Amino acid sequence: MYRARRVVLRLATGLAALATLSGIITPASASPHDASRTGTRQYTADDDHTAVWSRADALKLKQDRTNTAPRVSPDFPVMTDKVWVWDTWPLTKLNTQTATYKGWHVIFSLTAPRSVPFGDRHWYAKIGYFYSRDAKSWKYGGDLFQPGTSFGSREWAGSAALIGDKVYSFYTASGRDNGGVDPNDALQRLAQATGKIHADKNRVWFSGFRDHRIIAEADGKMYQTLEQSQQGPIIYAFRDPFVFRDPRDRKVHLLFEGNTGGTAGTYQCTKRDIGDVPAGHEVPEDAKYYTGNIGLATATGDSMENWKLQPPLLSANCVNQQTERPHLIIRGGKYYLFTISHKFTFAPGLSGWDGLYGFVGPALRSDYRPLNGSALVLGNPEDAPTQQYSHYVMPNGLVESFIDTVPTADGGTRFGGTLARTLVLSLKDDRTRLAGQLDYGFIP
């Protein structure tokens, strides 16, 4: 499944002012289908409308000082010498706001022992947790789940919601159950477990998390199955569940990364996928293999035990194969939908950067428009193309990510496996810009 391609998997001064921008506005009373202007149409969550990230949008991709991440210094500090750290998410409430528990900030990260080669860490990944009083001096608490309780052969990224003292943890069950270390085992399913958080003045710990269950699998129609994907040369995705409650329909939903259903290579690029491209632009034949999308599942009740797969919110057919770690924030009545992607997963004839991409719409399911015209929000600099990844935008406008591979002055590289400096994102209507950077791993 990984043939013909190298796999690269992901793969407080000023804070008060930023926080004032994160309010949620009550929705307009107009009928969802009344709007006629492009970018303003709204639909219910179970509608079959899917917005598109078109080739015409992606052809507008360009970097400047407003969307290029600052160079990561090769002398960066390491948050722990015990494990590599990469994809990271904070404990949140269902409204996506970060949560604290008895004065403690808590984050979750994909981790692997530092004795494992950095490039092999994905096949050993476990969800670890960290806690801190100041949201930046993190103490490593160990694995979130007890050995042998989770599904899959490794745990990949997800999210965690705090309700009372219960933590609803969602994750990707990667690989077949008890499959061992097997980089060729690309099975991915969405899983969930519930536990309790505990804390005293010295530490944070968890109990429970023994009720693991698979809550969603690719159906082959809306979302490509592993078997369908194996007919093509591109890496596969059905992962990264992000949980939240939509303030409009009051339902609990999951965003996740998927690929458009159907056997790889059978998809035909449509006019919507291509968009209004410049004269002379040709779509290479192999673009049909690139079918990334941002999926949606909806809980059938507040217990979050049963979930219904919904049509994708947004597709990147013939544009990009990976729309990793999708997440959103709601501000001023607008839904800002973010995802991360790699340079190498753009379809032939297009080029982008490892980094953060985003879209804006008037509702959860709507005619999303690419932020900044192209969707690029933050990309790595050209002279450090893989310096950081797995950006996560918080409602306060801060963006956390991890340090991947940083060039050194002697022509070598230094592996990261630790959190990068938190970046400050200015967001207004459909425009964003980099507004500054804060401490390493600052996740308030």
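All values reported here derive from a predicted model rather than from experimental measurement. (Residues numbered from 1 in each chain as written. Predicted model: local features only at pLDDT ≥ 70, side-chain atom pairs only at ≥ 80, totals over all residues. Heavy atoms only, no water.)

K.L.:
Account for the overall build of the protein chain, with residues named and values stated.
P.N.:
Helix and strand content of the protein chain: four helices and 27 strands. Against the 2.2 N^0.38 benchmark of 22 Å for 444 residues, the protein chain shows a C-alpha radius of gyration of 20 Å, consistent with a compact globule. Seen through its C-alpha atoms, the protein chain measures out along the principal axes to roughly 60 × 55 × 45 Å. Across the 444 residues that make up the protein chain, the buried fraction comes to 59%. Accessible area for the protein chain stands at about 17,300 Å²; split by element, carbon and sulfur atoms hold 48% of it. If you average the places of the 50 positive and of the 44 negative side-chain charges in the protein chain, the two averages end up 4 Å apart. (Helix = DSSP H or I, 4+ residues; strand = E, 2+ residues; numbered from the N terminus. Rg over C-alpha atoms; globule rule 2.2 N^0.38 Å. Buried < 20%, exposed > 50% of the residue type's maximum accessible area, 1.4 Å probe, protein only. Areas by Shrake-Rupley, 256 points an atom, 1.4 Å probe, with all protein chains shown as cover. Lys, Arg positive; Asp, Glu negative; His and termini not counted. Charge placed at Lys NZ, Arg CZ, Asp CG, Glu CD.)

K.L.:
Give a description of the state of the cysteines that names residues and reports values.
P.N.:
Enumeration according to the criterion identifies one disulfide in this entry. Sulfur-sulfur distance for the disulfide between C269 and C318 comes to 2.0 Å. Judged by the sign of its S-S torsion, about -100°, the bond between C269 and C318 is left-handed. Placement of C269 in the loop between β14 (252-259) and α4 (271-274) and of C318 in the loop between β16 (307-317) and β17 (324-331) is noted, with a sequence separation of 49 residues between them. (Disulfide = S-S within 2.5 Å.)

K.L.:
So what's going on with the pattern of salt bridges? Residues and values would help.
P.N.:
On inspection of all chains with the given rule, the structure shows 14 salt bridges. One salt bridge connects R189 with D177, and the closest N-O pair in it is separated by 2.7 Å. Taken together, the residues span a long stretch of sequence, with R189 in strand β10 (residues 188-199) and D177 in the loop between β9 (166-174) and β10 at a distance of 12 residues. The buried category is assigned to R189, whose relative accessible area is 9%. The exposure class of D177 is partly exposed, given its relative accessible area of 35%. (Salt bridge = Lys/Arg side-chain N within 4 Å of Asp/Glu carboxyl O.)

K.L.:
Lay out the pairing of strand β8 (residues 154-163) in plain terms, naming residues and giving numbers.
P.N.:
Here β8 lies mainly inside the structure; nine of its 10 residues are buried. Relative to β9, β8 runs antiparallel, the two sharing eight bridges. Residue pairing for β9: I163 is matched across the bridge by K166. Remark: two residues form the turn of the hairpin made by β8 and β9, two consecutive strands paired antiparallel; G164 in that turn has positive phi of roughly 70°. (Pairing = 2+ DSSP bridges.)

K.L.:
A description of the environment of S137 should follow, citing residues and the corresponding values.
P.N.:
By the element assignment, S137 lies in the loop between β6 (126-132) and β7 (139-143). Spatially, the C-alpha atom of S137 lies 8.1 Å from that of G441, the residues being 304 residues apart in sequence.

K.L.:
I'd love a proper account of the side chain of Q310, names of residues and values included.
P.N.:
Note on placement: Q310 falls in strand β16. Apart from the residues within four sequence positions on either side, Q310 is in contact with A45, D46, M222, Y223, L296, A297, T298 and R365. (Contact = heavy atoms within 4.5 Å.)

K.L.:
An account of empty space enclosed by the protein is needed here, citing residue identities and associated values.
P.N.:
Each pocket or cavity is described by its volume, and for the largest cavity that value is around 60 Å³. Along its surface, the largest cavity is lined by W89, A157, G158, D240, P241, F242, R325, P326, H327 and Y392. Broken down by secondary-structure element, the contributors of at least two residues to the lining of the largest cavity are β8, β13 (239-245) and β17. Residue composition of the lining of the largest cavity, grouped by class: six nonpolar, two polar and two charged. If you add up the space inside the second largest cavity, you get close to 50 Å³. Around the second largest cavity, the lining residues are Q224, T260, G261, G262, T263, A264, G265, T266, Y267, K288, Y289 and T291. (1 Å grid on protein atoms, 1.4 Å probe; cavity = no way out; pocket = protein on both sides within 12 Å on 5 of 7 lines; lining within 4 Å. Points joined across faces, edges and corners; volume = space filled by probe spheres on them. Nonpolar A, V, L, I, M, F, W, Y, C, P; charged D, E, K, R; others polar.)

K.L.:
Give a detailed account of the packing of aromatic side chains, specifying residues and quantitative values.
P.N.:
One pass over the full model with this rule turns up 22 aromatic pairs. Between the aromatic rings of F170 and W307, the centroid separation amounts to 5.7 Å while the plane-to-plane angle is 85°, which identifies the pairing as edge-to-face. One end of the pair, F170, is in strand β9; the other, W307, is in strand β16, and 137 residues separate them in sequence. In this pair, the class of F170 matches that of W307, namely buried. When the ring of F238 is compared with that of F256, the centres are 4.9 Å apart and the planes differ by 55°; the resulting orientation is tilted. One end of the pair, F238, is in the loop between α3 (226-229) and β13; the other, F256, is in strand β14, with 18 residues separating them in the sequence. Summarising the burial analysis for this pair, F238 and F256 share the class buried. What links up through ring pairs into an aromatic cluster is the set W89, W104, F108, Y129, Y131, F145, Y171, F206 and F209. Over the face of the ring belonging to W86 we find R121, whose NZ or CZ atom lies 5.0 Å from the ring centre. (Phe/Tyr/Trp six-rings, centres within 6.5 Å; stacked < 30°, edge-to-face > 60°. Lys NZ or Arg CZ within 6 Å of the ring centre and 35° of its normal.)

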